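Observations on chain architecture
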There are 2 protein chains.
Amino acid sequence: MNVRVDHEDRRRQIAEALLRIADTQGLQSASMRAVAAEAGVSLRLVQYYFETKEGLLLDALERLGTQLQARMARWITEAGSPPTPRALVTAVLSSILPTDPESRRITRTYAAYYTLVLSDPALVEKHGTPQPDLLEGFLAKQIRAAQRSGEIDSGKDPEMTAAGLLTMVNGLGSSVLGRQRTGDAALAILTHHLDELFRTA
Amino acid sequence: MNVRVDHEDRRRQIAEALLRIADTQGLQSASMRAVAAEAGVSLRLVQYYFETKEGLLLDALERLGTQLQARMARWITEAGSPPTPRALVTAVLSSILPTDPESRRITRTYAAYYTLVLSDPALVEKHGTPQPDLLEGFLAKQIRAAQRSGEIDSGKDPEMTAAGLLTMVNGLGSSVLGRQRTGDAALAILTHHLDELFRTA
DNA sequence: CACGGCATGATACGGGTGTACCAGGAGGTC
DNA sequence: GACCTCCTGGTACACCCGTATCATGCCGTG
């Protein structure tokens with residue numbers, strides 16, 4: 001039964017068990033033993049494929065990032081072709097909002113990692129998360145394009161507007177996870193602000 | 001040395017030790033023993049004044065809420081008398097932003113509690129945190145007042161605008177804590193959006 | 001066919017966790 | 001002065017943690 005197994009498969013199986021626990025019970029419940037049980041393997045196996053727990057956490061975080069990236073890419077392609085700047089901005093922002101099970105899962109898991117990074121900033125540097133800045137730049141670019149075509153008031157500052165939208169979506173997500181607002185209510189707030197931004201001034 | 005000591009004093013001493021640890025090392029490092037050492041008392045004392053750890057966590061969270069409330073109140077009184085709606089909105093929002101040591105401490109500690117609440121929603125219900133909704137209502141009220149005096153375009157939806165501002169500030173705070181942005185940069189983004197909102201349309 | 005390395009299992013170790021138990025000293029009350 | 005309640009210290013218990021160790025099976029290669 002022991003044919004040279006595919007390491008990548010095993011690693012994925014275990015890392016996704018970790019992510020599942022982080023989503024449902026939080027990272028503090030994701031002990032090595034719990035991950036092993038969730039993945040249906042022995043504790044030793046988890047140790048074997050990830051020498052240390054930090055390695056497992058980092059690997060899982062990377063996979064989570066890939067999942068979010070894939071989700072955004074999917075939403076972007078669904079924005080039509082060729083996509084208008086407005087469709088792109090809407091797709092990117094609402095793909096982050098926890099409105100459906102997948103995005104709820106991703107957002108919740110990211111939140112679980114968030115406090116971990118706060119108490120140990122060195123962790124994220126070993127992994128490199130350049131995403132947020134890139135996203136902000138992308139949004140700013142789309143806003144500038146919309147300004148050229150007259151969809152957005154040219155008086156707006158693209159960088160500031162992009163940063164405001166992105167942080168707003170981030171905050172909206174937090175409030176949804178904290179059960180202070182439903183996902184639909186958050187989406188309504190986002191679309192309201194997008195409508196306001198894109199109305200011809 | 002054992003004169004009937006003031007329970008409230010001791011409880012505050014211990015709870016603030018917990019908050020200090022939560023701020024600097026995260027809540028996961030705030031064990032009963034660590035709190036005892038930080039407060040300079042024995043483990044038994046912590047147990048004596050807070051029967052269980054959950055009790056200690058809840059009590060400390062309540063005190064943290066009081067501290068934030070006091071901070072906001074202070075900023076509001078500094079907004080001048082009588083304060084303009086714009087000054088009030090600015091005071092409330094920027095008092096939440098982690099720009100000085102006190103607000104950084106409060107925000108960081110709240111963030112430490114955030115994931116705790118995510119993995120155990122029942123926790124916050126024993127404590128009752130009606131703050132966010134109240135704040136949103138307060139902001140909406142100020143926005144309406146500013147609309148009546150012509151400072152804000154009357155076409156804006158007060159509730160939506162208030163929710164957008166509050167969640168944006170929340171997200172800005174997260175990005176500052178995550179070292180993605182400095183506190184000053186976050187404040188600049190906030191004031192930019194306030195300037196835009198309050199320019200006569 | 002033998003051998004060496006990959007893959008897996010069971011278990012042990014040292015340490016940290018929250019909580020419970022037992023003991024005793026100080027102060028006010030009868 | 002006796003007593004009782006408040007306050008504090010030390011320590012033990014049972015459990016969970018991440019990691020390390022030892023052993024054993026299977027496989028492909030020589």
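Residues numbered from 1 in each chain as written. Chains lettered and ligands numbered in written order. Predicted model: local features only at pLDDT ≥ 70, side-chain atom pairs only at ≥ 80, totals over all residues. Heavy atoms only, no water.

As for the overall build of chain A
Secondary structure summary: chain A contains 10 helices and zero strands in total. Beginning at the N terminus, the succession of helices and strands in chain A can be written as α-α-α-α-α-α-α-α-α-α. When its C-alpha atoms are laid out on the principal axes, chain A stretches across 65 × 35 × 30 Å. Scored against the burial criterion, the 201 residues of chain A give a buried share of 46%. Accessible surface, chain A: about 9900 Å² in total, of which carbon and sulfur atoms supply 53%. Across chain A, 23 positive and 24 negative side-chain charges occur, with their mean positions spaced 5 Å apart. (Helix = DSSP H or I, 4+ residues; strand = E, 2+ residues; numbered from the N terminus. Buried < 20%, exposed > 50% of the residue type's maximum accessible area, 1.4 Å probe, protein only. Areas by Shrake-Rupley, 256 points an atom, 1.4 Å probe, with all protein chains shown as cover. Lys, Arg positive; Asp, Glu negative; His and termini not counted. Charge placed at Lys NZ, Arg CZ, Asp CG, Glu CD.)

Details of the layout of surface pockets
Its boundaries defined by the atoms lining it, the second largest pocket holds a volume of some 590 Å³. Lys156 and Glu196 of chain A together with Lys156, Glu196 and Leu197 of chain B are the residues nearest the centre of the second largest pocket, which is lined by 22 residues in total. Elements supplying a minimum of two residues to the lining of the second largest pocket: helix H9 (158-177) and helix H10 (183-198) of chain A together with helix H9 (158-177) and helix H10 (183-198) of chain B. Looking at the lining of the second largest pocket residue by residue, the classes come out as eight nonpolar, six polar and eight charged. (1 Å grid on protein atoms, 1.4 Å probe; cavity = no way out; pocket = protein on both sides within 12 Å on 5 of 7 lines; lining within 4 Å. Points joined across faces, edges and corners; volume = space filled by probe spheres on them. Nonpolar A, V, L, I, M, F, W, Y, C, P; charged D, E, K, R; others polar.)

Some remarks on the packing of helix H1 (residues 7-25) of chain A against helix H2 (residues 32-39) of chain A
All names here are of chain A. Two elements in contact, H1 and H2, have axes whose closest approach is 8 Å; the angle formed by their N-to-C orientations is 110°. Here H2 runs roughly perpendicular to H1, going by the angle between their axes. Seen along the crossing, H1 lies across H2 with a hand that is right-handed. For the pair H1 and H2, contact is made by Gln13, Ile14, Ala17, Leu18, Arg20 and Ile21 and by Ala34, Val35, Glu38 and Ala39, respectively. (Axes fitted to C-alpha atoms, helices over the stretch in contact; angles between N-to-C directions. Parallel < 35°, antiparallel > 145°, perpendicular 65-115°, else oblique. Left-handed = near helix turned anticlockwise from the far one by under 90°. Contact = heavy atoms within 4.5 Å.)

Quick notes on the domain arrangement of chain A
Residues and elements named next belong to chain A. Domain assignment breaks chain A into domain 1 (1-51) and domain 2 (60-198). On the domain 2 side, the residues contacting the 10 residues of domain 1 number 10 residues. For the pair domain 1 and domain 2, the two sides together bury roughly 880 Å², of which 61% comes from carbon and sulfur. When the area that domain 1 buries against domain 2 is broken down by residue, the three leading residues are Leu19, Asp23 and Leu27, summing to 64%. Counting across the domain 1 and domain 2 interface gives two salt bridges. Two residues, arginine 63 and glutamate 8, come together in a salt bridge whose shortest N-O distance is 3.1 Å. Across the contact surface, domain 1 and domain 2 share two residue pairs in polar contact (both at pLDDT 80 or more). For the side of domain 1 that touches domain 2, the class distribution of residues is five nonpolar, no polar and five charged. (Domains from an automatic or database assignment. Buried area = accessible area lost by both parts, 1.4 Å probe. Salt bridge = Lys/Arg side-chain N within 4 Å of Asp/Glu carboxyl O. Polar contact = N/O pair within 3.5 Å; in protein donor to acceptor, adjacent residues only side chain to side chain.)

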